[in-house]
Amino acid sequence: MTTPATPGPGRPTENSMRRALKRARDGVALDASEAAVLLQARGEDLTDLAASAARVRDAGLEQAGRPGVITYSKSVFIPLTRLCRDKCHYCTFVTVPGKLRRAGHGMFMSPDEVLDIARKGAALGCKEALITLGDKPEDRWPEAREWLDAHGYDDTIAYVRAISVRILEETGLLPHLNPGVMSWTDFQRLKPVAPSMGMMLETTATRLWSEPGGPHHGSPDKEPAVRLRVLEDAGRSSVPFTSGLLIGIGETYEERAESLFALRKVSRAYHGIQELIIQNFRAKPDTAMRGMPDAELDELVATIAVARHIMGPAACLQAPPNLVEGEYERLIGAGIDDWGGVSPLTIDHVNPERPWPQIEELAGRSRAAGFELRERLCVYPEFVRRGEPWLDPRLRPHVAALADPETGLARPDALPAGLPWQEPEDTFTPTGRTDLHRTIDTEGRTSDRRDDYDEVYGDWDALREAAAPGMAPQRIDTDVREALRTAAEDPTRLTDAEALALFHADGPALDALCRIADDVRRSVVGDEVTYIVTRNINFTNVCYTGCRFCAFAQRRTDADAYTLSLSQVADRAQQAWDVGAVEVCMQGGIHPDLPGTAYFDIAKAVKERVPGMHVHAFSPMEVVNGATRTGMSIREWLTAAKEAGLDTIPGTAAEILDDEVRWILTKGKLPTATWIEVVKTAHELGIRSSSTMMYGHVDQPRHWLGHLRTLAGIQRETGGFTEFVTLPFIHTNAPVYLAGIARPGPTTRDNRAVTAMARLLLHPWIPNIQTSWVKLGTEGAAEMLRSGANDLGGTLMEETISRMAGSSYGSYKSVRDLVAVAEAAGRPAKPRTTLYGEVPDERRQSAAASDGHLPELLPVLD
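Below is a short write-up of the structure. (Residues numbered from 1 in each chain as written. Predicted model: local features only at pLDDT ≥ 70, side-chain atom pairs only at ≥ 80, totals over all residues. Heavy atoms only, no water.)

1. Some remarks on the packing of helix α20 (residues 480–489) against helix α22 (residues 507–525)
Where α20 meets α22, the axes come as close as 10 Å, and the angle between the chain directions of the two elements is 10°. Compared by their axis directions, α20 and α22 come out roughly parallel. Taking contact as the criterion, the partners of Val480, Leu484, Ala487 and Ala488 in α20 are, on α22, Ala509, Ala512, Leu513 and Ile516. (Axes fitted to C-alpha atoms, helices over the stretch in contact; angles between N-to-C directions. Helix = DSSP H or I, 4+ residues; strand = E, 2+ residues; numbered from the N terminus. Parallel < 35°, antiparallel > 145°, perpendicular 65-115°, else oblique. Contact = heavy atoms within 4.5 Å.)

Here's what the structure looks like:
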């Protein structure tokens, strides 16, 4: 055995091989050690292993409705740039600027060069444009940066997006993008222009990246943890994703098995890996690994068979046919069901010495093995049939033009033709339960969960496993009395250990903590309890992001789904103004049909109808959604939103600013770093924001501490937060609670401790601490006013998000109601503006006349 650089303890015993083979034959789940044994099967053992793997494959094809079918994609290979910041020791695809210049090539292929290949491919019936390139070449090569600047692109991803749009519009080919390591934001930028993407995991063997002489040493994008994060972000973003292994680069059998299990874990968690490629290493001249032996055919066959057993019958497995010496039958016999992309026009630029087989030959060899060769699209048929949220609405016409609606495979007679890449029409047509703001209190919700509960949030079993470590409380040894003394003398001197001790305070210690926090509140903002006359306008609840705590989001076909028209939004703003409001707070679901400019239209609609209304709108998640859909940077988008009428943004979508918790709470929401980027950018542009924390689910006090420290750090830098809002988790209809993972919300002790510690840890940077009557009720809010809070939020007039989650405290409060809450805490009440300024007399008088709420919450008429 020559392939692994570190063969491990030696060949498995006959008994261990026999046991592992029997478990494979019997369909019993394998563990990593058994998989490592089976990867070494040879001779009759390998024949046995391959036969059982083929049976698993056949069962999956039968279940998928395509028995006896092996697929391929008719494609063109477009090497957009061969520059890369990595230095993989086996790669001949990557080159350097000098060589490109000497060969008469640019640093990137020009649009004309790309489109020439794509048009020729379309004429030959190709349907996929495989766009492959090096990782972030502008980070290493000034020439790449200069080319991008000269052509008006901020980065390589921007050019990939732009050229993908041109391919769609001018040729009709479907782009499949392989730009290397991508961030969560990169996926949001590229999802609207490509039905599928990919990146090989290659291996999880960190030593092959970290140790000098390893094949990935010196390549920042080949760190296994980084690549696994990319796979997870693809799943969170609902992007059909291709990945796989490169075998024979020095990994042990154990490491190879671990890599397969890592891929299975991601696949099960997000259901987004559309295929796995098992690729065998072939040594190339002029590389550092030119003397390394090729991965033998038996290695490839055994790895395919083990991958099939690990990934299961529903997985799609591919092996490139041009990397074997015509041994197609053995690959089919080991369990593959796909040949990958095959081009009648372009070479395999990654393996240029290995020509593609003729499609007719591939069909004949597949037929000889008992399989019919059928063409698929770059996006696999399962995802074509799933539709939303896996296919962006702007891509649906392009995919539908080429796909068989029954099978999801390619239509054999379809010839690609360019189609406009554009936003869906009639975006703001009012649909669904547009009176939900009124009827949520009288009729309630139609069901306690949406119909796609079992699919949209990912795999619940995998989530339980991920959540368990984070929910274990830590032992606290710090003396609470000493921590209370520090808090009373100078809360800015609280250490993390002292803060954690106070977060756990109970009984007399908790009472003392709340008194200290209330004393700080009094010294900073006085006794007045502020509130704002405002109206919430949730313009749509259609959303496929998959936040597991959210009971507001619906599919467009669900009974409780709705979308408002622009005129309805403006009507609600006018109604609010008429009863004394100074602000509208507008947020909505991430509706797949809403263009990135829709937010501008919403802000303009309000300002045109009610010029004096303060527009407090669009969470950081909505900001990123708008920016990525338009192709604008976050700064550019926020600038345009401000010009359209946006005044401030809510600091929601924060939940807990710790990705350990975020990825349990949400499937596809923006990561912590991106939330911080949006908020800081907004503050730099003069767009202030609130800040929030939702707690009491799968979090612990250590997460609360980190969250509040992060907010304080941002405020010291920007000064842009107007307040901090505590948001207790409402569990009743929350999917993560219904699945048995989250706690049933915070306790009263938790609420008091969080409010008090927010006052102390954010002092003196954020002076206003808001409590939520929507989530706590009148008595609970009054208690928080005695624990360090000084603000009650707004009248709201309509509130559907917490009510859909199961809050029992209604959808609005009158001015008198809010004054009564303050009086229950023994304090006077005072109206405020969004920025905590004085409310004009005219607004005060209107609010007093109406008591700050709509008469009978008048419905909006179409």
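What follows continues from the structure just given.
2. Some words on empty space enclosed by the protein
With the rule as written, the count across this model stands at six cavities of 30 Å³ or more. The calculated volume of the second largest cavity comes to roughly 360 Å³. Around the second largest cavity, the lining is made up of 23 residues, and of these Gln188, Lys191, Ser237, Ile590 and Arg629 lie nearest the centre. Those elements giving two or more residues to the lining of the second largest cavity turn out to be α8 (184–190) and α25 (620–630). The biggest single contributor to the lining of the second largest cavity is α25, with five residues. Looking at the lining of the second largest cavity residue by residue, the class counts come to ten nonpolar, seven polar and six charged. (1 Å grid on protein atoms, 1.4 Å probe; cavity = no way out; pocket = protein on both sides within 12 Å on 5 of 7 lines; lining within 4 Å. Points joined across faces, edges and corners; volume = space filled by probe spheres on them. Nonpolar A, V, L, I, M, F, W, Y, C, P; charged D, E, K, R; others polar.)

3. Digging into the nonpolar core
Counting 131 residues, the largest nonpolar core has Met586 and Trp675 as its most contacted members. Here this core gets eight residues from one element, more than from any other, and that element is α22. Setting aside anything within four residues of it in sequence, one finds methionine 586 in contact with Ile537, Phe539, Val569, Ile602, Val606, Val615, His616, Ala617 and Phe618. Judged by nonpolar contacts, the second largest core, of 123 residues, contains Phe77, Phe187, Ala315 and Cys316. (Core = buried A, V, L, I, M, F, W, Y, C linked by side-chain atoms within 4.5 Å. Buried < 20%, exposed > 50% of the residue type's maximum accessible area, 1.4 Å probe, protein only.)

4. A word on the environment of isoleucine 347
In this fold, isoleucine 347 is placed in the loop between β8 (338–342) and α14 (359–368). Residues isoleucine 347 and arginine 236, spaced 111 residues apart in sequence, show a C-alpha to C-alpha distance of 33 Å. Discounting chain neighbours no more than four positions away, the residues touching isoleucine 347 are Phe77, Pro352 and Trp356.

5. What to know about the pattern of salt bridges
By the definition in use, this model includes 65 salt bridges. A salt bridge links arginine 522 to aspartate 519; its shortest N-O distance comes to 3.0 Å. A residue pair is termed a helical-turn pair when its members lie 3 or 4 positions apart in one helix, as arginine 522 and aspartate 519 do in helix α22 at three residues. The class for arginine 522 is partly exposed, based on a relative accessible area of 38%. (Salt bridge = Lys/Arg side-chain N within 4 Å of Asp/Glu carboxyl O.)

6. Thoughts on the sheet that holds strand β14 (residues 583–587)
Across the sheet, three strands lie side by side as β12-β14-β15; this open sheet has parallel pairing. Either end of the sheet is taken by a strand with one partner, and the two such strands are β12 (534–538) and β15 (614–617). Between one strand axis and the next, the sheet turns by 25° as a mean value, whatever way the strands run. Bridge count for β14 against β15 is four bridges, and the pairing is parallel. Within the sheet, the bridge partner assigned to cysteine 585 lies in β15 and is histidine 616. Sheet strands in contact with helix α23 (residues 566–578) are β12 and β14, and its direction is about 165° off that of β12. (Pairing = 2+ DSSP bridges.)

7. Some points on unusual backbone geometry
In this chain, glutamate 388 is followed by proline 389 through a cis amide linkage whose omega measures 0°. Looking at where proline 389 falls in the secondary structure, it is placed in the loop between α15 (381–386) and α16 (396–400). A cis amide bond links histidine 763 to the next residue, proline 764, at an omega of 0°. Inspection of the secondary structure assignment puts proline 764 in the loop between α31 (748–761) and β18 (769–770). In this model, serine 238 sits at a positive phi of 55°, which is unusual for a non-glycine residue. Relative to the assigned elements, serine 238 resides in the loop between α10 (224–236) and β5 (241–247). One non-glycine residue, glutamate 655, lies in positive phi territory at about 50°. Structurally, glutamate 655 can be placed in the loop between α26 (634–644) and α27 (659–665).

8. A few points about the layout of surface pockets
By volume, the second largest pocket is sized at about 1100 Å³. For the lining of the second largest pocket, the elements supplying multiple residues, two or more each, are α1 (14–25), α3 (44–64), α11 (253–270), β6 (273–280), α12 (297–311), α15 and α18 (453–456). Looking at the lining of the second largest pocket, the element that brings in the most residues is α3, giving five residues. Partitioned by chemical class, the residues of the lining of the second largest pocket number 21 nonpolar, nine polar and 15 charged.

9. Here's the deal with helix α29 (residues 701–718)
An ideal rise of 1.5 Å per residue puts 26 Å on 18 residues; α29 measures up with 26 Å between its terminal C-alpha atoms. Within α29, the full set of buried residues consists of Pro701, His703, Trp704, Leu705, His707, Leu708, Leu711, Ala712, Ile714 and Gln715. Just beyond α29, the residue with positive phi is glycine 719, at close to 65°. (Expected span 1.5 Å × (residues − 1).)

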